[in-house]
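A structural walkthrough
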Amino acid sequence: MAPPALLVLVAVAVITAAATMARQASAARAAFAVASNATAGAGGKLNVHLVPHSHDDVGWLKTVDQYYVGSNNSIQRACVMNTLDSVVDALARNPDRKFVVVEQAFFQRWWAEQLPNIQAIVRKLVASGQIEFVNGGWCMHDEAAVHYIDMIDQTTLGHRMIKKQFNKTPSAGWQIDPFGHSAVQAYLLGAELGFNSLHFARIDYQDRERRKADKGLEVIWRGSRTFGSSAQIFTNIFPVNYSPPDGFGFEVLDEDIVPVQDDLQQFDNNIKERVNDFVAAAIAQANVTRTNHIMWTMGDDFSYQYAESWFRNMDKLIYHVNKDDRVHALYSTPSIYTDAKHISNESWPVKYDDYFPYADAKNAYWTGYYSSRPTFKRYVRVQSGYYLAARQIEFLLGRSSLGLFTTSLEDPMGIAQHHDAVSGTAKQHTTDDYSKRLALGASKVEKGVNIALTCLINSNRTCMSSVVKFSQCPLLNISYCPSTEETILAAKNLVVVAYNPLGWDRSEFIRVPVNDENLIVKSSDGTIIDSQLVEVDSVSRNLAKFYVKAYLGIIADKPPRYWLVFQASVPPMGWNSYYISRSIGTGHNSTVYVATMVSPSNDMVEVGPGPLKMSFSLAFGQLKRIFNSVSGVDLPIEQNFFWYRSNEGDTVDSQASGAYIFRPNVTTPTIASSPVPLKVIRGPLINEVHQQFNSWIYQVTRLYKNKEHAEVEYTIGPIPIDDDIGKEVITRLTKTWPQTARNHREDWGLNVTEPVAGNYYPVNLGVYVADEKYELSILVDRAVGASSIQDGELEIMLHRRILRDDNKGVDEPLGEVVCLDGSCKGLTARGTYYVKVDKLGHGAHWRRTYGQQVYSPYLLAFTHEYETSWKSYNVAKASMMDANYSLPDNVAIVTLQNLDDGTTLLRLAHLFQAAEDPRYSVITKVELRKAFGKRSIKELTETNLSANQKKSEMKKVDWRVTGNTENGPIPLKGGPVDSESLVVELGPMEIRTFLLKF
Ligand SMILES: [Zn+2]
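In this report, we go over the structure that sits alongside the text.

This part covers the coordination of the zinc ion. Note on the zinc ion: its protein donors are His55 (NE2), Asp57 (OD), Asp177 (OD) and His419 (NE2). The metal-donor distances range over 2.0 to 2.1 Å. If you look at the zinc ion, its four donor atoms make angles of 91 to 163° with each other, and the shape they trace is irregular. Along the chain, the residues donating to the zinc ion fall in the pattern H-x1-D-x119-D-x241-H. Of this pair, Asp57 sits in the loop between strand 1 (47-52) and helix 2 (64-69) while His419 sits in the loop between helix 13 (410-416) and helix 14 (428-457); the two residues are 362 residues apart in sequence, bridging distant segments of the chain. The class for His419 is buried, based on a relative accessible area of 0%.

By the definition in use, this model includes 46 aromatic pairs. Here Phe179 and Tyr369 contribute two aromatic rings whose centre-to-centre distance is 5.1 Å and whose plane-to-plane angle is 85°, an arrangement assigned as edge-to-face. Here Phe179 is found in the loop between strand 4 (172-174) and helix 7 (183-187), whereas its partner Tyr369 is found in the loop between strand 13 (364-365) and helix 12 (374-397), with 190 residues between them in sequence. The burial state of Phe179 is the same as that of Tyr369; both residues are buried. Through a chain of ring-to-ring contacts, the aromatic side chains of Phe179, Phe356, Tyr358, Trp366, Tyr369, Tyr370 and Tyr660 assemble into a single cluster. The lysine or arginine in question, Arg847, covers the ring of Tyr768, its NZ or CZ lying 3.5 Å from the ring centre.

Our focus in this paragraph is the sheet that holds strand 45 (residues 904-910). Reading across the sheet, the four strands line up as 44-45-50-47 and stay open at both edges, with antiparallel pairing between neighbours. The open sheet is flanked by strand 44 (891-898) and strand 47 (939-943), the only strands paired with a single partner. Looking at each pair of strands side by side, their axes are set apart by 25° on average, direction ignored. Here six bridges tie strand 45 to strand 50 (residues 991-997), and the two strands are oriented antiparallel to one another. Residue pairing in the sheet places Leu906 in a bridge with Phe994 of strand 50. The strands that helix 12 touches are strand 44 and strand 45; relative to strand 44, the one it contacts most, it runs at about 60°.

The next subject is the pairing of strand 32 (residues 710-716). When you tally the buried positions in strand 32, you get seven out of seven residues, the bulk of the element. Burial of strand 32 is two-sided: the residues Ala710, Val712, Tyr714 and Ile716 facing one way and the residues Glu711, Glu713 and Thr715 facing the other way are all buried. By the bridge criterion, seven bridges tie strand 31 (residues 697-704) to strand 32 in an arrangement that is antiparallel. Across the sheet, the residue bridging to Gln699 is Tyr714, located in strand 32. Strand direction decides the pairing type here: strand 32 and strand 41 (residues 829-839), joined by seven bridges, are antiparallel. Among the inter-strand pairings, Glu713 is bridged to a residue of strand 41, identified as Thr832.

Looking now at the state of the cysteines. Summed over the entire model, instances satisfying the criterion amount to two disulfides. Paired by a disulfide, Cys473 and Cys481 hold their sulfur atoms 2.1 Å apart. Its S-S torsion of approximately 65° makes the covalent link between Cys473 and Cys481 right-handed. Of the two residues, Cys473 and Cys481, neither departs from the other in class, the shared state being buried. Each sulfur of the disulfide joining Cys819 and Cys824 lies 1.9 Å from the other. Note on the Cys819 and Cys824 pair: the S-S dihedral is about 105°, so by sign convention the disulfide is right-handed. Given a relative accessible area of 48%, Cys824 falls into the partly exposed group. Take Cys79: it sits in no disulfide, and the sulfur closest to it among the cysteines is that of Cys139, at 20 Å. Among the residues examined, Cys79 registers a relative accessible area of 6% and is labelled buried.

About the cut-offs
- Residues numbered from 1 in each chain as written.
- Predicted model: local features only at pLDDT ≥ 70, side-chain atom pairs only at ≥ 80, totals over all residues.
- Heavy atoms only, no water.
- Donors = N, O, S within 2.8 Å, 3.2 Å for Na, K, Ca; no water.
- Tetrahedral: all angles 85-135°; square planar, octahedral: opposite > 155°, others 65-115°.
- Helix = DSSP H or I, 4+ residues; strand = E, 2+ residues; numbered from the N terminus.
- Buried < 20%, exposed > 50% of the residue type's maximum accessible area, 1.4 Å probe, protein only.
- Phe/Tyr/Trp six-rings, centres within 6.5 Å; stacked < 30°, edge-to-face > 60°.
- Lys NZ or Arg CZ within 6 Å of the ring centre and 35° of its normal.
- Pairing = 2+ DSSP bridges.
- Axes fitted to C-alpha atoms, helices over the stretch in contact; angles between N-to-C directions.
- Contact = heavy atoms within 4.5 Å.
- Disulfide = S-S within 2.5 Å.

Next up, the structure:
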């Protein structure tokens, strides 16, 4: 946000002063040690820890490249190369100076460009502790819109590089800017990484005031109810933000800079005032802080462009303040600060839940960004699942001449997790740059996967890339897939290879666009399986036409006519092949089922070819009831779309809704439409209900033959703005549920100022509501914001188009458009959510397991081949695991990745919380020998979450806490892994990380 600096008469004086300061600083270190040991009692001097830092967004107003090289400065004067170059120079001048380095996306790029002599200097600075890596991930990830696997991946990438280059393991979390904080950050991306402390700025303004009054800004955060005190972390919340106290920013060329002028021979000497101001600011902060240690974050956004300006002024302040002797100033880092806090033996308040939602003013709830840029959020999520699957395929292939082709996605994926990237709060041109990086990375990985699959399924394991030409279809969601749409030649088959990245068998429906109506589908053993053709609706056809041209520049002359639907069963971490051919004669064709307007003779229409039935009112065209014949759950549920009118600022408050902020104009949203025209498509495998809610909201509900949930695909957009009204679109499911906790904060009594926006929470995987009998669960395909504003309601925000900027920095209205042939129209967002109803306490299994399936869909590859020759040289179906072995339902492989040092990274996650499900919230076992089948593990080392230290070497620090010091139930955790039996135990929510050698 915003930053906080003695000309001396003669050269001799400079040298003298510097020497004095250096001596003084050494004395300061000794004094600090004394002071911190003395703090247990009263009376120790106040220590002001100056932590020099620069907050370097990995893309925001400018692209990541522009920030690095310092171009496009009319938007923002910022050049990270300048910062890193000048910080190293400035640190080398005085061994007392320190600096924290955060974003590895920038640092690693800079490091790779340095000559050996500079690298040698940096190594010394790191070894001596002058440079401390904090956070150490590729970026400072967002905490609301990111998937936890992406958080782990991007942190691991940075941590392993720091380990390799400097043999250092970061010990402090530095999430200073994200817009609210998740408990997952505390226990998983904190304690489980081996961090001792976590530092950040943004919490709700009401919460901050209360915490200042109670000296409760610093807490022991026990973010996991399952792990309690075993995964706690000391958490330091800054009293204002991550800038220095007013007047203590020393960024070069800053108009407000007040340099420290301590030369008595010259004019404008200000040393007395500067010291007085320093002491006053320190005491003010000490009044809201426990112990006699306070931290000043000495830096701001893209600061230290000329680092000497900051360090020169801090050198002088430290010297004169310590001479003054009222308080003690020192260069510090988060780890030194945390050690001082720990030694003080103070007791700290305990914090349990999230710091969401975040508001920095009465009408400024940062809950809009949970849903901002929904298609980019989806794109990041798709690539996340794809990256996971591709790394598995790379592993299965073994070390090959292909090399580590999946690394093309590690940098774009790392960058995309930044708190202005996936959050949807970067400028449009920067968001386009993120997308471009992901697309380029993904296309390289796709090429690698195509070749790898060819080798992998080849019976002799030889890579005849000239023989098989696989292709994949990243635009399948808009019904664009050239290889399935093209005509299947008479003697040939369209071969569909489905790879299953999950550790258990699954049987999912595959839908591919085709043009032929006489098709038969055979499984890998040659038997014909049921298939169904469903007419592609005009909304999808138009969408495909427009977006294929806009994204690929290709004119799709013949949009596909049908979806071919069939069920594919694929073994765990393996593949299966399906053969689609034109049928000769009759008998086994898939049958075409076209849409029919439902007969108006009945009041209700029931649809669903399987155990789940949904009933729709014909009069209103809307959902009325969900019935599950397996569980017997029968619930009246309605669903509709609404939109909130974006507030543009009013007489009460000029705050507008925008990329960050959600501020609706009224508390009651406008209904999209009623009644809704309804079309039903029936068939043996799938039933579809098509609802046109209005001219810009279309919905298809899909019910499958043997599935107990509904899949709901919405297409929203372009959101009209010709009425000059910004719109924030939600879907809402309604049942008469009892009281939902609302206007409630765990830690303080909330003063309600925004009854809608203040009750929005980030949803990453899913959300459910329950009454005394039933649960209604929804899984989402991307991060969204969700709430329950009225009893009985569950709403999800799916799309936003806003005409004003919300004045929180991005300085652009959130008005996404797509342009083609010189004209632009509002972005259409398509997505899917999944709905299930259960008896109370029975929903967790579906949410946890199906949630994995949503995140990790089949990876589909297509090719046209002659059936017999294909079968003669390929293995149609195989699994990495031993036959009849699969992972238990409560475990997922969240990482399987070959690393460049010859080891393989494996992470296993227990998917259930303690007490979430009586059957699955238990210790579970994974037999690695069986899971890895023919590959034999020669060596196994358990590590911390980011794989930069051995688990056995992780140090845990105990903290004293106030109030209820009960640690809760002792968490169930797996024991050490025997190197012979190689059985891994996992307790609820446990994620275990291993480095394997084969
Ligand atoms: Zn930032």
